[in-house]
Amino acid sequence: METTVPRELLARPRASRLGLARAYQAVARWKTLSVGLALIALFLFCALAAGVISPYDPDAVVYPDALKPPSTAHLFGTDDHGRDILSRVIYGTRVSLVIATISVAIASLIGIPAGLISGYSGGWVDGIIGRVLDALFAFPVILMAIAIIAIFGSGERSAVIAIGLIAIPEFARVARGAMIAEKEREYVLAARALGASWARIVFRSILPNTFGPIMVLISLGFAFAILNETALSFLGLGAQPPTPSWGADLATGRRYLVQAPWYSFFPGLAIFLLVLALNLTGDGLRDLLDPRGRRR
Amino acid sequence: MMSTYLLKRLAAAIPVLFLITLVVFIVVYFIPGDPAMVILGHDANAQALAAVRHSLGLDRPLHERYLIWLSHVLRGDLGLSILSRKPVLLMIAQALPVTLHLVLLSMLLAVLISVPCGTIAALKHNTWVDLLVSSWSLFGLSVPGFWLGMVLIYIFSAQLKWVPLQGYISPFSDFWGSLRSMALPVVTLGVFLSGPQTRYLRASMLDVLAQEHVVVARAKGLRARSVIARHVLRNALIPFVTVLGIQFGYLLGGAVVIEEIFALPGLGRLAVNGIESRDYPVVQGIVLVVATGFVLVNILVDALYSVLDPRIRLGGGSSH
């Protein structure tokens with residue numbers, strides 16, 4: 001266990017500078033989180049400012065420029081239709097982030113309340129929800145996602161639904177665990193003794209206290225959603241051409257792997273960096289919210 | 001004791017397995033498309049279509065169809081493929097060895113990477129070695145398997161020509177050819193699996209290293225190697241085995257993308273083809289087999305706990 005008091009904490013900065021000093025300390029101390037958040041900010045910027053920062057129109061077909069290697073004119077090279085790969089990677093950020101955001105929202109809105117209610121109720125309610133979760137956990141997520149897409153048909157909307165639905169068991173499991181850890185705490189017993197309703201106790205008292213593990217879960221859930229979205233698009237089940245999509249572009253680039261390796265390399269690199277950023281953020285948040293495990 | 005425990009766990013798994021059959025049936029039921037039309041083609045007349053629907057039992061109410069299907073499943077009959085008219089069980093039996101071959105070799109490689117890496121990282125905690133290993137595990141957790149596979153194909157197949165581009169060779173027909181053809185898929189999946197494995201083993205070893213009995217063993221002056229082997233690694237392997245069990249169960253059907261990239265005729269590919277061609281008995285059969293396999297593997301993993309740690313009394317309100 002760390003016993004020495006950091007020098008910065010002994011110093012007393014002036015009140016006006018306290019906020020900045022704290023922010024600096026936090027950034028310096030939580031390098032993992034800072035690097036992760038900085039990378040996410042970069043991807044968010046790409047998604048929001050795609051129209052401004054993209055050097056070319058991602059859909060502009062210029063056949064004479066087809067399959068050109070990276071150069072100063074096209075930093076990431078061009079695809080089989082002569083489209084600029086850098087521009088498509090920048091626009092592809094939008095597709096991945098939008099699908100991941102909506103699917104994580106679906107998983108959170110269904111999985112978290114189900115897990116909280118299951119953990120809080122115990123007894124037969126927990127028994128039933130637990131059994132259903134056990135059954136859902138037994139399905140390989142990607143196979144389940146493919147089956148769900150088969151119901152709704154290929155496309156971005158189906159991918160959103162599938163990725164959201166397959167993440168529900170994990171969201172419910174973590175929320176249930178967090179609830180079980182919290183529900184015997186004194187503030188919950190006090191709220192119960194004061195006659196608060198179960199809904200008030202679960203959603204107003206306990207939910208804010210399970211914020212830590214749930215934030216970590218959401219961050220890692222995003223990474224999971226991005227990997228699944230790109231995998232589904234790669235299999236031709238998610239975003240469909242000509243929409244700029246990392247997974248779909250990677251799949252098309254696969255046909256030209258030998259003659260134009262850059263075609264599939266850069267979309268894949270973008271997926272890797274975004275997932276890495278989300279994992280770094282998840283790890284950083286875990287360190288920040290669980291000081292006991294910080295040195296782990 | 002062990003057999004009683006296994007029987008109890010199997011009994012407890014029955015409702016879960018029942019729910020699995022229900023989920024499989026409902027999901028496949030909602031997949032659009034008319035199997036009768038798949039068999040007869042789009043220009044078939046209404047009468048012929050109705051006759052085929054009747055012979056397949058598709059004109060019965062949903063609950064009846066489920067009960068009939070379940071009774072067949074319980075007798076080991078997964079039905080016939082709509083397209084090839086082959087027994088689904090046979091198709092699964094042909095694809096399963098390919099998937100098992102891929103998954104077992106990949107897991108072996110991942111364990112060969114993660115056990116030494118996780119152990120060294122925990123022992124050299126907060127040093128550059130730890131940082132290096134943690135970075136490796138983060139890489140494994142973040143790299144998309146299909147991208148890594150393509151990069152490896154480009155380097156080792158297209159450029160260096162060390163291994164064939166795609167395809168599967170059975171180890172029973174050509175052992176060395178099989179090893180070469182499986183090298184890239186195994187490395188791709190092995191790297192992907194080693195990420196979470198290394199992370200879990202490292203965290204689990206750090207927990208054990210901080211426990212009193214290890215501190216006491218060290219204070220008693222026992223040799224470091226003996227403390228690590230007898231006190232630390234043995235205890236740290238318990239949560240690690242859980243991770244292996246979950247990964248194995250998941251990969252039975254979850255290696256779809258790797259099978260797709262390397263053109264391996266495994267379960268995942270069979271399922272994707274089944275969904276694309278609306279061959280629902282094949283999809284039902286695969287998902288059912290894979291999910292049941294997952295549940296059974298988890299029960300076996302739980303049973304393995306007692307072998308690794310005799311303090312855990314199976315079924316007796318143990319500490320795990």
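All values reported here derive from a predicted model rather than from experimental measurement.

*Asks:* For this particular structure, what's the right way to read the overall build of chain A?
*Replies:* Secondary structure summary: chain A contains 13 helices and zero strands in total. From first element to last, N terminus to C terminus, chain A shows the α and β order α-α-α-α-α-α-α-α-α-α-α-α-α.

*Asks:* For this particular structure, what's the right way to read the overall build of chain B?
*Replies:* For chain B, the count of helices and strands is 13 helices and zero strands. Beginning at the N terminus, the succession of helices and strands in chain B can be written as α-α-α-α-α-α-α-α-α-α-α-α-α. The principal-axis extents of the C-alpha atoms in chain B amount to approximately 85 × 55 × 35 Å. Looking at chain B as a whole, 38% of its 320 residues are labelled buried. Sequence separation of 24 or more characterises 70% of the internal contacts of chain B that already satisfy a separation of 6 or more.

*Asks:* What is the right way to read the environment of P144 of chain B from this model?
*Replies:* Residue position: P144 of chain B is located in the loop between helix 6 (128–142) and helix 7 (145–159). For P144 of chain B, a count of 24 C-beta atoms within 10 Å translates into the label buried. Spatially, the C-alpha atom of P144 of chain B lies 8.1 Å from that of F192 of chain B, the residues being 48 residues apart in sequence. Those residues within four positions of P144 of chain B in sequence are excluded, and the remaining contacts are L227, T230, G268, I271 and F272 of chain A.

*Asks:* Got a minute to help me understand the confidence of the model for chain A in this structure?
*Replies:* The predicted coordinates of low-pLDDT regions are not to be read in fine detail. Residues and elements named next belong to chain A. Here chain A shows a mean pLDDT of 85. Residues at 70 or above account for 88%. Of all secondary-structure elements in chain A, the lowest mean pLDDT belongs to helix 1 (residues 7–10), at 42, while helix 4 (residues 50–53) reaches the highest, 94. Below pLDDT 50 for its whole length, residues 1–16 participates in four contacts with residues either more than four positions away or in separate chains.

*Asks:* What is the right way to read the confidence of the model for chain B from this model?
*Replies:* Residue and element names in this part refer to chain B. Of all residues in chain B, 95% attain a pLDDT of 70 or more, and the chain-wide mean is 85. In this model residues 315–320 is a low-confidence stretch, pLDDT under 50, and it forms eight contacts with partners more than four residues away in sequence or in other chains. Taken over the whole predicted complex, pTM reads 0.84, whereas the ipTM for its chain interfaces reads 0.83.

*Asks:* When you look at helix 9 (residues 212–219) of chain B in this model, what are you seeing that I'm missing?
*Replies:* Given 3.6 residues per turn, any residue in an α-helix points the same way as the ones three and four places further on. Counting buried positions along helix 9 of chain B gives zero out of eight residues, so the element sits mostly on the surface. Residue G221 of chain B follows helix 9 of chain B closely and has a positive phi angle near 90°.

*Asks:* Explain the interface of chain A and chain B here, please?
*Replies:* By a frequent convention, interface size equals the accessible area lost on bringing the separate parts together. Contact with chain A, which involves 33 residues of that partner, is made by 40 residues of chain B. Counting only elements with at least two residues in the side of chain A that touches chain B, the list comes to helix 6 (123–137), helix 7 (141–152), helix 11 (211–234), helix 12 (246–254) and helix 13 (261–289) of chain A. It is helix 13 of chain A that contributes the most residues to the side of chain A that touches chain B, eight residues altogether. Here the residues of the side of chain A that touches chain B are counted per class, giving 24 nonpolar, four polar and five charged.

*Asks:* Would you mind showing me how to read unusual backbone geometry here?
*Replies:* A cis amide bond, omega 10°, links P241 of chain A with the succeeding residue P242 of chain A. If you trace the backbone, P242 of chain A turns up in the loop between helix 11 and helix 12. In this model, R85 of chain B sits at a positive phi of 60°, which is unusual for a non-glycine residue. If you trace the backbone, R85 of chain B turns up in the loop between helix 4 (62–74) and helix 5 (88–123). When the 8 C-beta atoms within 10 Å are taken as the criterion, R85 of chain B is described as exposed.

*Asks:* Mind showing me how you'd approach the nonpolar core here?
*Replies:* One broad rule of soluble globular proteins: the nonpolar side chains tend to lie buried together. Within the largest apolar cluster, 160 residues are counted, with the highest numbers of intra-cluster contacts made by L143, A145, I146 and I226 of chain A together with I286 and V287 of chain B. Those residues in contact with A145 of chain A that sit more than four places away from it in its chain are A162, I163, I166, N228 and L232 of chain A.

*Asks:* Looking at this structure, I do not really get the packing of helix 7 of chain B against helix 8 (residues 175–209) of chain B. What am I missing?
*Replies:* To describe two helices that pack against each other, one gives the angle between their axes and the distance between the axes. All names here are of chain B. Remark: helix 7 packs on helix 8, axes separated minimally by 9 Å, with the N-to-C direction vectors making an angle of 140°. Classified by the angle between their axes, helix 7 and helix 8 sit oblique to one another. At the point where helix 7 passes helix 8, the crossing takes the right-handed sense. Residues G145, L148, G149, L152, I153, F156 and S157 of helix 7 form the contact with helix 8, whose participating residues are L184, V187, T188, L189, V191 and F192. For the contact of helix 7 with helix 8, the per-class residue count stands at nine nonpolar, four polar and no charged.

*Asks:* So what exactly am I meant to see when it comes to the environment of S205 of chain A here?
*Replies:* Residue and element names in this part refer to chain A. Inspection of the secondary structure assignment puts S205 in helix 10 (residues 198–209). When the C-alpha positions of S205 and K183 are compared, they lie 9.8 Å apart, and in sequence the two are 22 residues distant. With near-sequence residues (within four places) excluded, S205 lies in contact with Y187, V188, A191 and R200.

Reading the values: the criteria
- Residues numbered from 1 in each chain as written.
- Chains lettered and ligands numbered in written order.
- Predicted model: local features only at pLDDT ≥ 70, side-chain atom pairs only at ≥ 80, totals over all residues.
- Helix = DSSP H or I, 4+ residues; strand = E, 2+ residues; numbered from the N terminus.
- Buried ≥ 20, exposed ≤ 12 C-beta atoms within 10 Å, placed from the backbone.
- Contact = placed C-beta atoms within 7 Å.
- pLDDT = per-residue confidence, 0-100.
- Nonpolar A, V, L, I, M, F, W, Y, C, P; charged D, E, K, R; others polar.
- Core = buried A, V, L, I, M, F, W, Y, C linked by C-beta atoms within 7 Å.
- Axes fitted to C-alpha atoms, helices over the stretch in contact; angles between N-to-C directions.
- Parallel < 35°, antiparallel > 145°, perpendicular 65-115°, else oblique.
- Left-handed = near helix turned anticlockwise from the far one by under 90°.

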